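Notes for the structure review
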Amino acid sequence: MPAKPPACDLLTPNVSEWSVSDRSPVDTLAAAGGGAHLVLLVGPGEPATGLDVLDDLGLDAHEVASAHEPSAEPGKRTPLPLPPGRYAARMVHLVGRGSGAPEDLRAAGAEIGRATRGGDEVVIDATDVSDVDALAALVEGAVLGAWTSPKWTGDGPTSPTVAARQVTIVADPSLTEAGAVVASAVTRSRAALLARQLGITPSNIKNPAWMAAQARTLGQRQGLAVKVWTERDLAKEGFGGLLAVGGGSATPPRLVQLDYEPPRAAGRTPHVVLVGKGITFDSGGLNVKPAEGMLAMKTDMMGSAAVLAVLAACRDAGVAVKVTGLLALAENAVSGAAYRPSDVVTHYGGTTVEIGNTDAEGRIVLADALAYADKVLRPDVIVDIATLTGAARVALARAMAPVYATDDTLRDALVDASVTVGETLWPMPLTAAYRRALDSDVADVKQFSSAHGGGSIMAALFLREFVGSTPWAHLDIAGPGRSDVDAGILAKGATGFGTRLLLRWLEGLR
């Protein structure tokens, strides 16, 4: 039997309380009551810029610069511990801000978050940051960089995320919207951490029913309507793809729908459907993966984690359009009941699919959810997100994800949002000439063709078969959905990639 869910609350990441001050950094420190950490952002130049506050603190900025030679390299930190009780700050961190561009400030923020974990109060002098996107990047970096993974120990599950208790940004007075910018950045980052925490949960805990239970809990907290299809419901309504992929597992599949309605909507608002792949563990099925290939497969549900986290954040983010999230949840296991290569599966809506490889299961569960979205929900736009193909990771590595779309305006809006939050999307083509490789002798369409390259493109072409004429985009996050390193804004394991960019995109819709 699967282990019981952990007692720690994975659905509430430990994030600092953030505020914005219109007082000077030293006055803000004084209000904190002493013992706080002060962060100064170091700019390029000789001597280094951004250190004038040290004079107000009672230090000699020129002497500090000469003695310590702080670097303006993004994220490079020079610590200055101070004697207790003598100054308004207990520790000063001189952190390089590079050119001041968002990507540089995101790196600076990540180092700030890591360096001040466990602190009580932190004051960041951001008076030189005059761009709202750069300010948001600084905050996002600090929240994401402070995160550490929960652990399951012999003493029980714990969540050792130890971000500083209180962080105050001293903002440029000309940024009258600084408070709103900081609040939005924290909301997006908190959502990404929720997705991470779902992703790193072990698969003996995290089965489809467990994910559905987390969706119910978050729905109740955030005022979302939640519907869950059990295996009986899926069979009754014809979701053959989910049933096929989940058929080999002792933990049956689920489909979850979450609905967010914007408050005080005047008339009809656009309706967006987000669809997330939720393979809670992927053995490859009968086309079993190599042993090493399975090690990271507890994160093969990061698409559904991102969608769930986005829906849970819509209210706090002030999203002004109707959003529906669909989580296509299954475990791809090996047993006598597992689906086979050469099987013909009937998907929701009646399209039949010839199975070519049971390890291409993500597109099979997504097809059911996409068809349901198109035929029943009839939204204005559909976006799916999935750790779908190794080919995407080979093509673009870990730094970015391909985006495919049937609508140029939709694609461009997603790319713009991705650049703003530093979760880069790279536009890829839906090459019409490749479609014939999906022709099947025994079904409406073939799931997989081993004789054709362009694996990520082929998967996108397959998914396009199930969205009808609805404007649609597909994000293949197999590369950036996981991290092999613990550095910068990333912790090793699940990254939550896509969560912040989808929220940023939704924030701009009206």
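In this text the structure is predicted, and so the values were computed from the model without any measurement.

1. As for the pattern of salt bridges
Evaluation of the coordinates by the stated rule reveals 24 salt bridges. For Arg165, the salt bridge identified is with Glu121, shortest N-O distance 3.4 Å. Here Arg165 is found in the loop between β7 (156–158) and β8 (166–171), whereas its partner Glu121 is found in strand β5 (residues 121–126), with 44 residues between them in sequence.

2. Re the nonpolar core
If you look at the biggest cluster of nonpolar residues, it comprises 96 residues, and the most contacted ones within it are Trp18, Leu274, Val383, Leu414, Trp505 and Leu506. Setting aside residues no more than four positions away along its own chain, Trp18 makes contact with Ile124, Val139, Ala142, Val143, Gln166, Val167, Ile169, Val182 and Val186. Within the second largest apolar cluster, 46 residues are counted, among which are Val273, Val353, Tyr372 and Ala386.

3. So, the layout of surface pockets
To find the voids left in a structure, one rolls a probe of water-molecule size over its atoms. Taken as a whole, the largest pocket holds about 610 Å³ of empty space. Lining the largest pocket are 31 residues, and of these Lys289, Asp359, Leu388, Thr389 and Gly390 lie nearest its centre. For the lining of the largest pocket, the elements supplying multiple residues, two or more each, are β11 (271–282), α10 (291–294), α12 (362–377), α13 (390–396) and α15 (455–464). The biggest single contributor to the lining of the largest pocket is α13, with three residues. Per-class residue counts for the lining of the largest pocket are nine nonpolar, eleven polar and eleven charged. Taken as a whole, the second largest pocket spans an internal volume of roughly 430 Å³. Contributing elements (two or more residues each) for the lining of the second largest pocket: α4 (102–115), α6 (178–200) and β20 (482–483). Class assignment for the residues of the lining of the second largest pocket results in ten nonpolar, six polar and eight charged.

4. Let's talk about the sheet that holds strand β13 (residues 344–346)
In space, the three strands of this open sheet follow the order β13-β14-β18, with mixed pairing throughout. This sheet does not close on itself; its edge strands, each paired only once, are β13 and β18 (445–446). By the bridge criterion, three bridges tie β13 to strand β14 (residues 352–354) in an arrangement that is antiparallel. For Val344, the partnering residue across the bridge sits in β14 and is Glu354.

5. What to know about a negative patch on the surface
Taken together, the side chains of Asp27, Asp52, Asp55, Asp56, Asp60, Glu63 and Asp128 make up a negatively charged region of the molecular surface. With respect to the element layout, Asp60 can be found in the loop between α2 (53–57) and α3 (61–68).

The rules we used
Residues numbered from 1 in each chain as written. Predicted model: local features only at pLDDT ≥ 70, side-chain atom pairs only at ≥ 80, totals over all residues. Heavy atoms only, no water. Salt bridge = Lys/Arg side-chain N within 4 Å of Asp/Glu carboxyl O. Helix = DSSP H or I, 4+ residues; strand = E, 2+ residues; numbered from the N terminus. Core = buried A, V, L, I, M, F, W, Y, C linked by side-chain atoms within 4.5 Å. Buried < 20%, exposed > 50% of the residue type's maximum accessible area, 1.4 Å probe, protein only. Contact = heavy atoms within 4.5 Å. 1 Å grid on protein atoms, 1.4 Å probe; cavity = no way out; pocket = protein on both sides within 12 Å on 5 of 7 lines; lining within 4 Å. Points joined across faces, edges and corners; volume = space filled by probe spheres on them. Nonpolar A, V, L, I, M, F, W, Y, C, P; charged D, E, K, R; others polar. Pairing = 2+ DSSP bridges. Patch = residues over 30% accessible without salt bridge, like charges linked within 9 Å, V, L, I, M, F, W, Y side chains within 5 Å. Areas by Shrake-Rupley, 256 points an atom, 1.4 Å probe, with all protein chains shown as cover. Lys, Arg positive; Asp, Glu negative; His and termini not counted. Charge placed at Lys NZ, Arg CZ, Asp CG, Glu CD.

So far we have only geometry, and geometry alone does not tell us how the molecule works.
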